Amino acid sequence: MAAKKLNLKDKYKLLTRDLDWDFSYEDRKQAFPYEDFEGIKIHDWSKWEDPFRLTMDAYWKYQAEKEKKLYAIFDASQQHNGHLNVSDARYINAIKLFLTGISPLEYQAYQGFAHVGRQFGGVGARVACQMQSIDELRHVQTQVHAMSQYNKFFDGFHDWTHMHDRVWYLSVPKSFFDDARTGGPFEFLVAISFSFEYVLTNLVFVPFMSGAAHNGDMATVTFGFSAQSDEARHMTLGLEVIKFLLEQDEANVPIVQKWIDKWFWRGTRLLSIVGMMMDYMLPNKVMSWKEGWEVYFEEAGGALFKDLARYGIRMPKYAGVIEKEKEHVSHQAWWTFYTYGHAAGFHTWIPTDEELDWLGEKYPDTFDKYYRPRWELAKKLEAEGKRIYHNALPQLCNTCQIPLLFTDMDNPTEVSHCVTEYQGDKYHFCSDGCKDIFEDEPEKYVQAWLPAHQIFQGNCGGPDIPDILKDYYHFNLGADNLDIKGSPDEQRWKEWKKQG
Amino acid sequence: MTIEIKTATIEPIRSTFANLQRRFGDKPASRYQEATYDVQAETNFHYRPLWQPDRLLNDKRRTAVVMEDWYSLKDPRQFYYGSYVQQRARMQEQAENNYAFFEKRDLARHLSDDARNSLIRHLVPLRHVEHTANLNNVYGSAYGYGTAVTQAMLFDGMDRLGIAQYLSRIGLILDGNTGESLSAAKQSWMQDSCWQGMRAMCEKSLTVEDWFETFVLQDLVIDTLMQELFYVRFDQWLSEHGGQDVGMLTEFMRDWYKDTSRWVDAVLKEAVSESAANQQLIQGWFGNWRGRVVEALAPVVADMNIDDAALDIALQTLDKRAAKVGL
């Protein structure tokens, strides 16, 4: 008997999709209990289009080939002191931020996709989520292995998971993912698969990985290339999720729209650290944050939302505000880190004169007018031996947890500050976007673990800030923090370069 | 003679990450250690899960088992993602060769009718059991505590999806890619009285709340019995009834079981030896599910017409294994 030829779709369907069955002995709701409470209506899971039809044997094979190549590069980099090839010691601080701020999110993605990969009623959706789950585990682990080398030669990497759970600015990424994972399974997918992976991922991934490429960081850029095909799969899943939800029931549209509004805003707030990294932390620049935003969001995202209009989905709320923010956020964020450089787990510095000129060119409407004068002042004070360090604990936004550092975008000298009341208490926000999110689910956001509040309440040791930094955050004071000038990182770097 | 290549040596300022220094001292750590220890968030969670408001996002209380340090449940295989996929890629290459050979020589042609019918009725339906095992292990990965055990549970979950797909391929080899044998096997799974006990058991296992209990039920009780009955005893029966070549197609499952048992046993042994309370708890689960799974499997075993003593022998194997880990 000659075997019938099967195409990929039919083969995948036969091998995978028919594995589940209608229960006869137990209530299916007990096995898959979280599918209903968000109000999303799914009528027919069989309408799910598998975004990538990868069977496990093929998965093992392809991924193993990728891992083999990747680890060969890691080994070579370690053997040949690859860390000496980066553009400058300042660059290393970008990947400190990556390991402490982003890699733990990859881990949370692994956990979140395992959760939904267990919970969805449809086998096609479950398997796609499980595959993303194990991919995300790959990402955190390969990142740790890539950074392992840097940890041996630079400060600030040494206690990355401990710091992620505690350090004030790291509560921004942590709360972002905690928020997504504590949401229902469908919100998680709209938040992470669609809003983050599909719409915004290019703005995290491309800047960091291109930054690595432009700055001689072989280990990180190789990881980036190696993860690219995983990311492509994740993006396909993100798009399938949104189409599936919108096609299943019209009543899903307003729920999905609300989540898109929320997660788009939450995502862009998170990206302000990426903006600052691109504009200030890379000795060899890739492109400005503003350019990145225009290419990856305004052009690509604009086309996407046009496409989604037929389902009744519109552009995310506050997209207009964000368009104005691209001129400002990176400058405001780096200035904040510079002035709180004693409380950061990485080094900060004043941009060089060439960099100030570059920023002026890239931001012709705002930089020279609003931000260059600050740096000129900082330079003057530094020359007088009075480098700026602010000591007061900042007021944090109750939603995104970023200090109130962003200005009103129409009035860039005035800090934006919104307030709302809930059960007799006042809550503070950086923006209307963050206030809206709180007001929609106040009972969730009142739980937020706000680092400044926690310090005031004595939950982070102390009593003095240096005690907290040292004992609670595990910073090596004088090594991990403060200006790059005079830091042990800088001294060692100069020493190595002299030897070379 | 040896040739020495001169390389520049730069002294590192530390050997590894601080969490590993605290655990093992300041010495170079393995990739398994760096990828595993303390990677999961421990504290300061921002919000309670909407789907489980009485628990933290990562919460030790999703099982009644208590461990001083959840990272003591380490994997003797030292699997992190990279070592896991490379090991499985080697296994799948071997399996691929076996399947290709079987198909090229059209060995299905040589199967006796008895063997062919029994494969469709008794082996191919296991894809649904494997699918359950996939969910049960992903459950442990999602709700378990500490990367050491949760990553290994995800690896196991993905393995089970792979095995379900291999079993499906056996079906497709038998029916010339029409999918008829898969439908017939599912029909058996859904309707034949011999399978209903096992199907009910699978459904039941998906409603167990304590993830460690699920692990005991699935990875110890069901898996040991299933391996012994289907991949050892039934394999023997096939050899004696004109189906000896099928062993090529199930070699992966036997290799996988050998590999995975090392991990399952290590985890159980560690958890059981942690405290008398753990021992008692796990013993209770084991005792409860052992009898029920045997009961669920008895009709299939009878229907398979294999050795009458097969179920007893399988049970002895299970008890021996349990005794080895302290149960």
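Residues numbered from 1 in each chain as written. Chains lettered and ligands numbered in written order. Predicted model: local features only at pLDDT ≥ 70, side-chain atom pairs only at ≥ 80, totals over all residues.

Draft legend 1. Broad picture of the overall build of chain B. Looking only at helices and strands, chain B has 12 helices and zero strands in total. When the elements of chain B are put in sequence order from the N terminus, they spell out α-α-α-α-α-α-α-α-α-α-α-α. Reported as C-alpha extents along the three principal axes, the dimensions of chain B are approximately 70 × 60 × 40 Å. Counting the 327 residues in chain B, one finds 52% classified as buried. (Helix = DSSP H or I, 4+ residues; strand = E, 2+ residues; numbered from the N terminus. Buried ≥ 20, exposed ≤ 12 C-beta atoms within 10 Å, placed from the backbone.)

Draft legend 2. Geometry of the overall build of chain A. Broken down by element type, chain A carries 22 helices and four strands. In terms of C-alpha radius of gyration, chain A reaches 24 Å, essentially the compact-globule figure of 23 Å for 500 residues. Along the three orthogonal principal directions, the C-alpha set of chain A runs to about 85 × 60 × 45 Å. Sorting the 500 residues of chain A into buried and exposed places 52% on the buried side. Restricting to contacts in chain A with at least 6 residues of sequence separation, those with at least 24 account for 78%. (Rg over C-alpha atoms; globule rule 2.2 N^0.38 Å. Contact = placed C-beta atoms within 7 Å.)

Draft legend 3. Region of interest: the interface of chain A and chain B. Counting residues at the interface gives 71 residues for chain A and 70 residues for chain B. Each residue belonging to the side of chain A that touches chain B can be placed in one class, and the counts come to 28 nonpolar, 24 polar and 19 charged. (Nonpolar A, V, L, I, M, F, W, Y, C, P; charged D, E, K, R; others polar.)

Draft legend 4. Helix α6 (residues 147–175) of chain B, seen in detail. All names here are of chain B. Under the 1.5 Å per step criterion, the end-to-end length of α6 is 42 Å for 29 residues, consistent within 8% with the ideal 42 Å. Counting buried residues along α6, 29 of its 29 residues qualify, which places the element largely inside the surrounding structure. Positive backbone phi, at 65°, marks Gly176, one or two positions downstream of α6. (Expected span 1.5 Å × (residues − 1).)

Draft legend 5. Quick peek at the environment of Gly284 of chain B. Topologically, Gly284 of chain B is positioned in helix α11 (residues 276–304). Expressed as a C-alpha distance, the spacing of Gly284 of chain B and Glu213 of chain B, which sit 71 residues apart in the sequence, is 9.7 Å.

Draft legend 6. Representation of the environment of Arg127 of chain B in the model. Mapping Arg127 of chain B onto the fold places it in helix α5 (residues 126–143). For Arg127 of chain B and Gln165 of chain B, which are 38 residues apart along the polypeptide, the C-alpha to C-alpha distance reads 7.3 Å. Aside from chain neighbours lying at most four places away, what touches Arg127 of chain B is Leu19 of chain A together with Ala164, Leu167 and Ser168 of chain B.

Draft legend 7. Main features of the packing of helix α3 (residues 81–104) of chain B against α6 of chain B. Residues and elements named next belong to chain B. Axis separation between α3 and α6 bottoms out at 12 Å; the angle between their running directions is 5°. Classified by the angle their axes make, α3 and α6 are roughly parallel. Together, Tyr84, Ala95, Tyr99, Phe102 and Glu103 of α3 and Phe155, Tyr166, Arg169 and Ile173 of α6 make up the contact between the two elements. Across the contact of α3 with α6, the residue classes break down as seven nonpolar, no polar and two charged. (Axes fitted to C-alpha atoms, helices over the stretch in contact; angles between N-to-C directions. Parallel < 35°, antiparallel > 145°, perpendicular 65-115°, else oblique.)

Draft legend 8. Fine view of the pairing of strand β4 (residues 425–429) of chain A. Residue and element names in this part refer to chain A. The pairing of strand β3 (residues 418–422) with β4 spans five bridges and is classified as antiparallel. Residue pairing for β4: Thr420 is matched across the bridge by Tyr427. The turn joining β3 and β4, which pair antiparallel and follow one another in sequence, is formed by two residues; a positive phi near 45° is taken by Gln423. (Pairing = 2+ DSSP bridges.)

Draft legend 9. Structural detail: the nonpolar core. In terms of nonpolar packing, the biggest core is built from 230 residues, with Val190 of chain A together with Val216 and Val221 of chain B touching the most fellow members. It is α6 of chain B that provides the largest number of residues to this core, a total of 16 residues. Excluding its chain neighbours within four sequence positions, the residues that come into contact with Val221 of chain B are Val216, Phe286, Trp289, Arg290, Val293 and Leu318 of chain B. Among the nonpolar cores identified, the runner-up in size contains seven residues, and Trp349, Ile350, Tyr363 and Trp375 of chain A belong to it. (Core = buried A, V, L, I, M, F, W, Y, C linked by C-beta atoms within 7 Å.)

Draft legend 10. Examining the pairing of strand β2 (residues 411–415) of chain A more closely. Across the five residues that make up β2 of chain A, only a small minority, zero, are buried. In this antiparallel pair of consecutive strands, strand β1 (residues 407–408) of chain A and β2 of chain A, the connection spans two residues.

Draft legend 11. Representation of the packing of helix α5 (residues 123–151) of chain A against helix α10 (residues 218–248) of chain A within the structure. Residue and element names in this part refer to chain A. Between α5 and α10, the shortest axis-to-axis distance is 10 Å and the interhelical angle comes to 165°. One finds that α5 runs roughly antiparallel with respect to α10. In the packing of α5 onto α10, the handedness of the crossing is left-handed. Here α5 contributes Ala128, Gln132, Asp135, Arg138, His139, Thr142, Gln143, Ala146 and Gln149 to the contact with α10, which in turn contributes Ala219, Thr220, Phe223, Ala227, Asp230, His234 and Leu237. Tallied by class, residues from the contact of α5 with α10 come to six nonpolar, seven polar and three charged. (Left-handed = near helix turned anticlockwise from the far one by under 90°.)

Draft legend 12. Structural view of the environment of His453 of chain A. As for its placement among the helices and strands, His453 of chain A is situated in helix α20 (residues 451–456). On a C-alpha basis, the gap between His453 of chain A and Gln395 of chain A in space is 8.7 Å, while along the polypeptide they are 58 residues apart.

Draft legend 13. Layout of unusual backbone geometry. Of note, the amide linkage connecting Gly462 of chain A to Pro463 of chain A takes the cis form, showing an omega dihedral of 10°. Within the secondary structure layout, Pro463 of chain A lies in the loop between α20 and α21 (465–472). Positive phi is not limited to glycine here, since His474 of chain A has a value of about 65°. For His474 of chain A, the location among the structural elements is in the loop between α21 and α22 (488–499). His474 of chain A sits in the partly exposed class, given 18 other C-beta atoms within 10 Å. Its identity as a non-glycine residue notwithstanding, Asn177 of chain B has a phi of 70°, on the positive side.

Draft legend 14. How the structure looks around the confidence of the model for chain B. With 98% of its residues at a pLDDT of 70 or more, chain B has an overall mean of 96. Confidence metrics for the complex model read pTM 0.97 and ipTM 0.97. (pLDDT = per-residue confidence, 0-100.)

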